[in-house]
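Chain residues, written in single-letter form:
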Amino acid sequence: MAVSGYALVPLVFFLFTTFVSSSTSASGFQSQSQINVWPKPRTFSWPSSQASLLSPNFSITSPNHQHLSPAVARYRRLILTEHHRPLVTPKHVNITGPPLETLTIFVSNLTAPLHHGVNESYTLIVPIGGAANLTAATVWGAMRGLETFSQVVWGHPSLVATGLFVWDSPLLGHRGLMLDTSRNFYGVEDILRTIGAMSANKLNVFHWHITDSHSFPLLLPSEPDLAGKGSYGSQMQYSPADVKRIVEFGLEHGVRVLPEIDSPGHTGSWAEAYPEIVACANMFWWPAEAEWDDRLASEPGTGHLNPLNPKTYQVFKNIIQDVTALFPEPFYHAGADEIIPGCWKTEPAIQTFLSNGGTFSQLLEIFINSTFPYIVSLNRTVVYWEDVLLDANVKVDPTMLPPENTILQTWNNGPYNTKQIVASGYRAIVSSSDFYYLDCGHGDFLGNDSQYDQKPGTDTENNGGSWCGPFKTWETIYNYDITYGLSDEEAKLVLGGEVALWSEQADPTVLDARIWPRTSAMAEALWSGNRDKTGMKRYADATDRLNEWRYRMVARGIRAEPIQPLWCIRNPGMCNTVHPFIKQ
């Protein structure tokens with residue numbers, strides 16, 4: 001049932017004006033209503049606190065669409081069977097009117113692809129009596145509205161809020177999670193469960209850091225030996241059929257799957273199939289006689305591609321051809337982080353290049369100039385980690401990376417590096433390790449590490465050995481303003497943000513708890529913001545709501561870690577502090 005966007009305008013305007021007199025901004029939502037929706041919608045009105053029963057024959061009418069139709073079927077099952085029991089039951093709810101029988105979905109553009117910048121807005125109206133209506137510009141906005149509708153249904157028998165108006169749209173278009181599947185392997189079901197939870201939190205980019213020095217788990221038709229020899233084993237590989245399943249699952253949940261094949265660093269696993277193109281592979285990462293500046297890698301797991309070997313580019317191009325065929329996503333992440341000079345110096349041909357006056361930055365430029373144009377020729381926008389332009393020792397000349405074809409992902413120095421990137425005219429994805437690295441605060445994975453052998457009472461450095469410690473709490477993540485210190489024009493170049501789970505000390509046994517509900521905190525901050533209408537941070541309001549949302553995620557099969565004792569949840573506000581630790 002596709003309808004024109006112009007035809008929707010009078011209807012939405014009329015309905016909006018009907019409700020707007022009593023609507024509240026996102027900042028007033030929790031105080032006026034007692035229904036929890038996460039992330040908090042931009043505009044939410046439930047002034048009458050009324051509800052009706054949900055009919056056991058409840059149905060959803062929607063346009064037929066390859067990806068929306070499965071989502072509709074999935075949400076209908078969830079809505080009819082979840083029977084969520086809130087930890088704090090909504091009070092003073094007046095149950096009136098006939099049971100709600102139908103939700104009707106209107107979509108103005110059924111062909112808009114799931115690319116960056118797609119319109120994800122929606123309007124949800126549940127009247128007191130009559131059918132509910134969900135209006136969206138695209139199927140992806142309709143999926144966001146279906147999630148919101150699922151969260152305003154609760155109880156057994158199921159009740160649904162009526163007299164309800166929601167208008168919603170994300171503040172930022174790129175809201176992602178990066179998962180490293182090289183250091184430790186995650187099965188397909190773990191990835192699907194993660195993407196499903198992302199969709200429930202209105203996140204829309206699964207950044208898949210597939211390969212690294214430790215393993216190459218992606219089975220590629222043109223280069224089968226890379227996984228055949230470089231993975232942890234045949235049971236720890238992703239086949240083309242696995243990738244297709246993950247990508248399709250992502251589309252049915254409104255989540256893009258963005259692949260990363262890191263290079264030229266972090267490529268030690270390639271050496272199992274092609275030892276001739278990888279420098280310093282399988283060498284000890286930091287020899288006893290070497291200073292830190294002469295290390296071969298920044299952590300165990302060595303290996304850099306040799307930019308001077310023509311065979312490097314034959315293998316590279318075969319990989320890129322296969323990856324772009326497997327992943328329809330228009331962004332391609334090419335890595336280019338942590339180039340370690342000590343590794344390249346072990347290669348005789350590179351030693352000769354350097355002795356003849358060449359530099360490490362020139363080596364990187366040779367590699368980028370030989371690979372970047374090829375990736376662009378396949379209709380991809382190339383994403384690199386910030387190091388390619390900002391590293392203190394090895395970086396390329398900016399003229400090699402046109403901003404129209406390049407996005408930089410920042411991970412060091414918080415807002416300072418974000419500022420450098422956008423001030424240079426590049427689009428940025430923010431993953432500042434000071435705020436968005438989910439692996440931080442768990443110590444380090446090195447054995448024989450003397451930094452943990454400290455005298456009692458010693459103030460140990462580096463937060464107990466975690467280079468990016470301390471642990472990033474949900475409040476740390478929630479309160480981070482990723483456009484801090486930017487002008488309005490610079491802020492427009494920030495596409496959004498990603499939390500990152502590097503897997504040195506994570507695997508499927510801890511996956512859910514490492515990610516959730518801390519990633520939910522970023523999801524709301526990037527969707528509707530972390531401030532109320534007065535400009536004040538709203539983390540106090542968010543605490544009780546996140547508790548409730550975490551509980552609901554657990555009931556949905558996501559083993560999210562708790563943020564407070566159950567007593568706090570059942571006694572809202574009693575676990576707060578009223579004394580500021582830091583004066584604003």
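For the structure itself, look to the data block above.
Bear in mind the structure is a predicted one, so any value in this text is a computation, not a measurement.

(A) Spotlight on the pairing of strand β9 (residues 159-162). Both faces of β9 are covered, namely the face carrying L159 and A161 and the face carrying V160 and T162. With four bridges connecting them, strand β3 (residues 50-61) and β9 associate as antiparallel partners. Among the inter-strand pairings, Q50 is bridged to a residue of β9, identified as T162. Relative to β9, strand β8 (residues 153-154) runs antiparallel, the two sharing two bridges. Paired with W154 across the strands is L159, a residue of β9.

(B) Just the state of the cysteines, in detail. With the rule as written, the count across this model stands at three disulfides. Here C280 pairs with C343 through a disulfide, and the sulfurs are 2.0 Å apart. Between C280 and C343, the S-S dihedral sits near -95°, and the bridge is therefore left-handed. You can see C280 sitting in the loop between β14 (278-279) and β15 (304-305) and its partner C343 sitting in helix α9 (residues 341-344), a full 63 residues away along the chain. Using a relative accessible area of 3% as the deciding quantity, one classes C280 as buried.

(C) Spatial organisation of the environment of C440. Along the polypeptide, C440 turns up in the loop between α14 (433-436) and α15 (462-465). Since its relative accessible area comes to 0%, C440 is described here as buried. Sequence separation between C440 and L501 is 61 residues, and the spatial gap between their C-alpha atoms is 8.9 Å. Contact partners of C440, with chain neighbours within four places excluded, come to S433, S466, C468, G469, P470, F471 and K472.

(D) The pairing of strand β13 (residues 256-263), seen in detail. Where burial is concerned, most of β13 is hidden: eight out of the eight residues are buried. The side-chain alternation of β13 yields two buried faces, one formed by R256, L258, E260 and D262 and the other by V257, P259, I261 and S263. Sheet analysis places strand β12 (residues 205-211) next to β13, joined by six bridges and oriented parallel. Following the sheet pairing, V205 is matched in β13 by R256. Where β13 and strand β16 (residues 331-335) come together, two bridges link them in parallel fashion. Paired with E260 across the strands is H333, a residue of β16.

(E) Focus on a nonpolar patch on the surface. Together, F284, W286 and W292 give the surface a local cluster of nonpolar side chains, amounting to about 330 Å² of exposed area. By the element assignment, W286 lies in the loop between β14 and β15.

(F) Representation of the packing of helix α3 (residues 68-81) against helix α4 (residues 139-151) within the structure. Running from N to C, α3 and α4 cross one another at 0°; their axes reach a closest spacing of 10 Å. It follows that α3 is roughly parallel to α4 by the angle criterion. Along the contact surface, α3 presents L68, A71, V72, Y75, L78 and I79, while α4 presents V139, A142, M143, L146, E147, F149 and S150. Class assignment for the residues of the contact of α3 with α4 results in 11 nonpolar, one polar and one charged.

(G) Molecular detail of the side chain of T194. Looking at the element boundaries, T194 is found in helix α5 (residues 188-200). Since its relative accessible area comes to 2%, T194 is described here as buried. In this view, T194 contacts L177, L511, I515 and W516; residues no more than four positions away in its chain are not counted.

(H) Spotlight on the nonpolar core. Membership of the largest hydrophobic core comes to 142 residues, with the highest contact counts inside it found for F149, W208, W270, Y384 and V388. The element contributing the most residues to this core is helix α11 (residues 360-377), with eight residues. Apart from the residues within four sequence positions on either side, F149 is in contact with F58, I79, L100, L103, L124, V126, A132 and V160. With eight residues, the next largest nonpolar core counts M178, W411, Y437 and C440 among its residues.

(I) Main features of the sheet that holds strand β18 (residues 406-410). Taken in spatial order, the eight strands line up as β11-β12-β13-β16-β17-β18-β19-β20 and close into a barrel, and their pairing is parallel. When the angles between neighbouring strand axes are averaged without regard to direction, this sheet yields 30°. On top of the sheet, helix α8 (residues 310-326) reaches β13 and β16; it is set at about 175° to β13, its chief contact.

(J) Structural detail: empty space enclosed by the protein. Considering all chains together, one arrives at three cavities of 30 Å³ or more under this definition. Within this model, the largest cavity holds a volume of roughly 100 Å³. The wall of the largest cavity is formed by 15 residues, among which H266, A297, S298, E299 and G301 lie closest to the centre.

The rules we used
Residues numbered from 1 in each chain as written. Predicted model: local features only at pLDDT ≥ 70, side-chain atom pairs only at ≥ 80, totals over all residues. Heavy atoms only, no water. Buried < 20%, exposed > 50% of the residue type's maximum accessible area, 1.4 Å probe, protein only. Helix = DSSP H or I, 4+ residues; strand = E, 2+ residues; numbered from the N terminus. Pairing = 2+ DSSP bridges. Disulfide = S-S within 2.5 Å. Contact = heavy atoms within 4.5 Å. Patch = residues over 30% accessible without salt bridge, like charges linked within 9 Å, V, L, I, M, F, W, Y side chains within 5 Å. Areas by Shrake-Rupley, 256 points an atom, 1.4 Å probe, with all protein chains shown as cover. Salt bridge = Lys/Arg side-chain N within 4 Å of Asp/Glu carboxyl O. Axes fitted to C-alpha atoms, helices over the stretch in contact; angles between N-to-C directions. Parallel < 35°, antiparallel > 145°, perpendicular 65-115°, else oblique. Nonpolar A, V, L, I, M, F, W, Y, C, P; charged D, E, K, R; others polar. Core = buried A, V, L, I, M, F, W, Y, C linked by side-chain atoms within 4.5 Å. 1 Å grid on protein atoms, 1.4 Å probe; cavity = no way out; pocket = protein on both sides within 12 Å on 5 of 7 lines; lining within 4 Å. Points joined across faces, edges and corners; volume = space filled by probe spheres on them.

Nothing here speaks to function; it is all geometry.
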